[in-house]
Every structure is written in structure tokens, then in C-alpha cells.
Amino acid sequence: MVKQTIQIFARVKPTVRKQQQGIYSIDEDEKLTPSLEIILPRDLADGFVNNKRESYKFKFQRIFDQDAKQEAIFENIAKPVAESVLAGYNGTIFAYGQTSSGKTFTITGGAERYSDRGIIPRTLSYIFEQLQKDSSKIYTTHISYLEIYNECGYDLLDPRHEASTLEDLPKVTVLEDPDQNIHLKNLSLHQATTEEEALNLLFLGDTNRMIAETPMNQASTRSHCIFTIHLSSKEPGSATVRRAKLHLVDLAGSERVAKTGVGGQLLTEAKYINLSLHYLEQVIVALSEKHRSHIPYRNSMMTSVLRDSLGGNCMTTMIATLSLEKRNIDESISTCRFAQRVALIRNEAVLNEEIDPRLMILRLQKEIQELKDELALVTGEQRTEALTEAELLQLEKLITSFLEDQDPESKLEVGADMRKIHHCFHYLKKLLTDKKIHGPSRAPSSKVKDQVNQGPSTEEEYKKLREILQQRDNEINILVNMLKKEKKKAQDALHSSSMDRGEPRRSQSSPFPPGNPEGLRTLPLSTPTQAQDSSVIQYRSSLLHRKTGVREEMSLGRQEAFEIFKRDHADSVTIEDNKQILKQRFSEAKALGESINEARSKIGRLKEEITQRHVQQVALGISENTTVPSAPDPMEEKLRLQLEEEKRRYKTMFTRLKALKVEIEHLQLLMDKAKVKLQKEFDAWWAEEATSLQDATETEGTRSLQQGWWGTL
């Protein structure tokens, strides 16, 4: 058992504009606990003499200033917790702070650069790296991703997320057993055998999160999310299993509605966020009081799920994210006060070991059966009772596996029970009889079924063709509208250029030259480079289609519209930059692979030379009838030094190649994430254009009917 208080850390978010000096200071004396001092500037509007407090001082395990890197956050905060989870203890890391203070960036990471990876992807990489090194145990890893939105739980890894609305999805509910253990109904567990599978699950869950734009943050997460890694380990042949879980929690940020001024759905979300954080603070206050008998865990879903993490069997760490700008000073002070209360809570982490009940039951049942068989053989007693259904089913399984086994020396072990032996012979006779009777007649019946089921009706084909024709008409109309907009954009640019400089110049904003009505035929998709890129992307898009449900097949007109939409999108620059970085990393990995092969060959040659040199020295001593000199051979020593140098070089290059592989996989995930976002926005825009076009067509038809009616009158 490990007894310790919750560890608290602070991280200061970099400011966008230049920060005035003296608003906070960090004291990191090696002998004392690091402390953060927040200084409130005196406001002359309150009068020259006032009793307002001018500075606040808070202590943390460590304070990370604005220039702290993501790697330093992981090494100092997440890595010790991950090591304890690998040892069999439960762990939790949660980020707390106001909205737009950097919680999601700290926990999940940024989506632009590989170095911006957050705690979750770095922890996954570290855990799977350690699992590969330890071959003495059998490890099993499962992933779950829970979202708590407006006090309702949803499974972010549910495959129905893409095709259903939030109201139609099954809600995750909290159940409690008699031992007060929490169980989550409708929350799926997905097995991840590699780091890539785990990162794909993280990426899938992140695309399903509730995100909205607020006055404080352009991409504010409107829900609490709990990413959980379930880890179980067992030594081969042992019945003892170690189970541990790691909660990585990204809490939604608290916000003052009076300051942000939000309304409508954003106001409803802010109410639920602030209410759940209020219940979390109630639990923290109750736990920090020594003689408190009741802890209000059941007030909210979040506190119920995190019951073990708060004052239970868990090693918990909190990260207080602070935005130390003048307008956010009050919220930052509140966050620091909350962290000081959290630091008073003491958890008792226990090593989670248990005897696997299934293995014990199977072992005892097998032992009982063996003893019964031995007893029947010794006493000569004939057993007259009939075999049970379970015993018959087990015998049939044994016979099936025996017949399917290709080993000619395999045996059918059913024991000394004559009832089982007789049943095995009867079952084999039945199988042979069925094969002789029903074997030849199966093929014709299947052929008849195929002939009956062949071909759809003519009416269905006609209906399908009409739908395709209507879709093509809509695509042509949308493309014509896009062409008109691009032409107008080009003419406006030409007109403004001639007004400013006095001479017309070609507009840079149009995707094809002005005055070219057939410009859609010369889109960049037809160039060799784009064709090559699209073929490279096809494999990745098929993976996305399986994991996210994004539609990938598009008609030619829709593809052309998508290319224009993609070129004008804000994320196109980021996608191109990541593509260039990915090409560089591929080239570097290829060059490293060639260098590694060369180093391996050189090591082999050096070993052969050393062996030959040693054999020559021994042969020379035998021919001259002299003993081998005790002094080392300088030539052999030189070869050995070269061999050690090549081994060090080989190890360095191999380590770099492994790091490059991880970086390449992460960059591919970032590109996939950006492409999924781009595809979703294009689908929404395309549907909006099609709807407006259909409304305009209906309005035009109504107007022509009215004109015809008035003409008849």
C-alpha cells in the first residue's frame, strides 16, 4: 500500500500579447517547495487607501513557466504515474483551470506539430515501449473514451457516433455493486495490441468530441472527457493477474457567463460545466475535512466515475493550468486555491492483484474429473447415469478439433469412461453417414438459389438511375455557381489592381485564368503530381472510411468542387506543411535504413577479420612450436576498436530510426485528422448549396406556374 497526497503542478499559458511585468513571479529554491506569487496591481479607482490584498502565494510540487515544452511536462508529471500503472497501481492525471487556459493542449496536444503531442499520446508511446521490452509477462491493453456532456455520458468510440445525432445515442449510465465498485453501462472497451491502434482510437474519439467557438476560445471543448487505459498482466502459468487503469482527464473549463456574454446552447453548456465543477469542489472540500462522514460523490456523474481517484485506491496528479493575464487574474487565483485544497487529500493506492477465477474453476473441475475417472478404474464400477448436455458438447468439440488436426500422431483423449468412448464412436458414425448422404447435393441447390436471387428488378434500376441523374444535375449547378463566383472574384481583383497601379494584372485568387469558361477542365487534379498524391492518399482514406465513417467515393464534378474548396480552406497550408515534413522524414528514414544495413555488413566483416587474425596467430604459434604471446596483437586490438565503434554507430542509428517511425505515424494521424475535418466541412457546405439550389428551383417553378395562370386569366 502506498499512502500519499495528491500531487499538484502548475503550468502557465503563454500570453498572446506582450505581458506587463510584475504580474507574477516563480520562486524555485532547491531547499524549499516551489511557490508561485501572483501580484495584483493597485487600482487607483478604489482609492489611495484600501484594504485589498495585493499578492497571493501558492505552493506546488513544480511550476512550469510559459516556455515549458510538452516533453518536460510528460517527463515530470505523466511518466511517474505511467510507471506506477505498469507496476499494478491505479493512476489518474487531470487538468483543471478556466476556459482557454491550455487544458486540452496539455492533455491531448496540438494538431499541427509533432513536438506538440500531449500527455495522452506520449503516455501511450511510453507504455507500449515498456511492454515490448518486458517479455516475462503477458500484457493485455484495452481503451475506453467517455464524454460527459450536459451531465450525460456518451461513448466517444461508439461506431454509431457518425451516423446518429447525440440524442439517439445510448447514454452511459453509472451502476454500483454491493462493494461500492463503479461500473459503466454502455461504455465499450476496445483492445489495442499496438501503439498505432491505440492512437487511432484516440484520434477517432477526438473527432467525436463536442467543440464550439466561444468569446474566450475558438475551439472550446464543451464536455469533460476521460480517456482510460486498462492494463492487465500475468506471468505464464500463473493464476495471479494484475489489473490497473490510468484515467487521463480533460475537464471542460469554467467560465463566468457575465464576462463571456454567451447565450442559447452555449449558455446551457456553461451552466452544466460550472455545476459539475461545483460538485467536484464540494467533494474536494469534504475530503479535505478530517471528521466528515459523508462524501457527496453521487451529486454528479464525473465525481461518481472518479471516486477512486479522489481519496481512494489511486495515485492521482493534478495540473493547474493558469492564464495569468490581467483580465483572468481572479480565475487564476481561484484555480490555485482549488489546487491547494486538492493537495490536502490523501489517497491509499493498493497493488491490484487477484486470482483469476476462471482459471481456478477450470483447474478444480479438471482435477475432480480426473479423480473420478481414477476411482472408476480402481473400483471397476460401471457408471450408468447419462452424460449431461455440457459433457456431450465438450466431446463433440474434442472430436471436431481431432478431425481438423493435421498431425498424424494426434490423440483423442476422453479418459477411461466407457460412456464417453461409446458416444465418440456414435458421433463419428453419424458424421460419416451425413457426409455420404448430403455431400453431393449441396452444389446444385446453391446454384438454384443463386439463379433465383440474381438481378434486381427493372423498376429499381430506373429509380436508381433517376436519383443519379438528379445528383449529377445538382453537381453541375453547384459547379456553375462556383465558376461564377471565381470569375467575379477574378474581375474584382483585376479592377482593384488597375485602380491602384494603373495597369491590369492577372488575379492570383482565381484557380484558372480570367476569361477561360472551360476552366473547370484544367483543375489541378489533372496534373501528374496531384494524381500521384491522390493515389498515395487512397490507402489512408480507406482506413479513415473504416474508422470514422467518412464517405470517400465522389463523382467527378464533386471531386473538382472539393479540390477548389480544399485549396481555399484555412487548413490547406498546415496540410501541405505536414506533407512536406512527412516526405523529409520518409527520406531520412530511408537513408538511415541504408546506413544501418551498411553498418551491419561492416560489423560482420570486422568479426570475420578478427576471427581470421586470431586463427592465424594460433597457427603461427603451432608451426613455430612456440606459445601464443601473452601481449595483445595490435592489429587485432585495432579491429576490435573499430568493431565497438561500428556497434555504437549502429545502435545510435537504430534508435533514431525507431523515433522517426513514431514521428511518421503521428504526422500521418495529424494529416488524417485535418482531412477528416476538411471532408466534414465540405460535406456540410455541399449539402447547404444543394438545399439552396433546390429551394431556388422550386421558387422559379412556382413563379412560372403563377405567370401561366395569370396569362390564362
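Here the structure is a predicted model, which is why all the values come from computation and not from measurement. (Residues numbered from 1 in each chain as written. Predicted model: local features only at pLDDT ≥ 70, side-chain atom pairs only at ≥ 80, totals over all residues. Heavy atoms only, no water.)

Enquirer: Describe the nonpolar core, and please don't skip the residues or the numbers.
Expert: With 46 residues, the main nonpolar core has Phe 60, Leu 280 and Met 318 as its most contacted residues. Apart from the residues lying within four places of it in its own chain, the contact partners of Leu 280 are Tyr 96, Leu 251, Met 302, Thr 303, Leu 310 and Phe 338. Ranked by size, the runner-up nonpolar core spans 42 residues in total, among them Ala 78, Ile 93, Leu 156 and Ile 319. (Core = buried A, V, L, I, M, F, W, Y, C linked by side-chain atoms within 4.5 Å. Buried < 20%, exposed > 50% of the residue type's maximum accessible area, 1.4 Å probe, protein only. Contact = heavy atoms within 4.5 Å.)

Enquirer: Can you explain the UniProt feature "coiled-coil region" (unreviewed entry) in the protein? Please cite residues and give values.
Expert: The feature "coiled-coil region" (unreviewed entry), as given by UniProt, occupies residues 643-677 in the numbering adopted here. Helix makes up 100% of residues 643-677 and strand makes up 0%, while its end C-alpha atoms are separated by 51 Å. (UniProt positions renumbered as here; feature names shortened; annotations may be inferred. Helix = DSSP H or I, 4+ residues; strand = E, 2+ residues; numbered from the N terminus.)

Enquirer: Quick one: what's the story with the pairing of strand β7 (residues 91-96), residue by residue and with numbers?
Expert: Across the 6 residues that make up β7, a large majority, 6, are buried. Of the two faces of β7, the one carrying Gly 91, Ile 93 and Ala 95 and the one carrying Thr 92, Phe 94 and Tyr 96 are both buried. Summarising the sheet, β7 and strand β16 (residues 240-250) pair through 5 bridges and their orientation is parallel. Across the sheet, residue Thr 92 finds its bridge partner in β16, namely His 247. Two elements, β7 and strand β17 (residues 315-322), share 6 bridges in a ladder whose sense is parallel. Bridged to Phe 94 within β17 is Met 318. (Pairing = 2+ DSSP bridges.)

Enquirer: Could you give an account of the UniProt feature "binding site: ATP" (unreviewed entry) in the protein, naming the residues involved and the relevant values?
Expert: Taking the numbering used here, the UniProt-annotated feature "binding site: ATP" (unreviewed entry) corresponds to Gly 97, Gln 98, Thr 99, Ser 100, Ser 101, Gly 102, Lys 103 and Thr 104. Looking at the secondary structure, you find Gly 97 in the loop between β7 and α2 (103-107). Setting aside its immediate chain neighbours within four residues, Gly 97 contacts Lys 103, Gly 253, Ser 254, Thr 321 and Thr 335. Mapping Ser 100 onto the fold places it in the loop between β7 and α2.

Enquirer: So what's going on with the packing of aromatic side chains? Which residues, and what values?
Expert: Considering all chains together, one arrives at 9 aromatic pairs under this definition. For the ring pair Phe 682 and Trp 686, a centre distance of 5.7 Å and an interplane angle of 40° mean the geometry is tilted. Here Phe 682 pairs with Trp 686, and both are found in helix α17 (residues 634-712), just 4 residues apart, close to one helical turn. An aromatic cluster is built from Phe 682, Trp 685 and Trp 686, whose rings are joined through pairwise contacts. (Phe/Tyr/Trp six-rings, centres within 6.5 Å; stacked < 30°, edge-to-face > 60°.)

Enquirer: I'd like to hear about the pairing of strand β15 (residues 224-234), residue by residue, with values.
Expert: Buried residues dominate β15, accounting for 9 of its 11 residues. One ladder, built from 10 bridges, connects β15 with β16; its direction is antiparallel. When the sheet's bridge partners are listed, Cys 225 is paired in β16 with Asp 250. Once β15 ends, the chain turns through 5 residues before running back antiparallel as β16, passing Gly 237 with a positive phi of about 85°.

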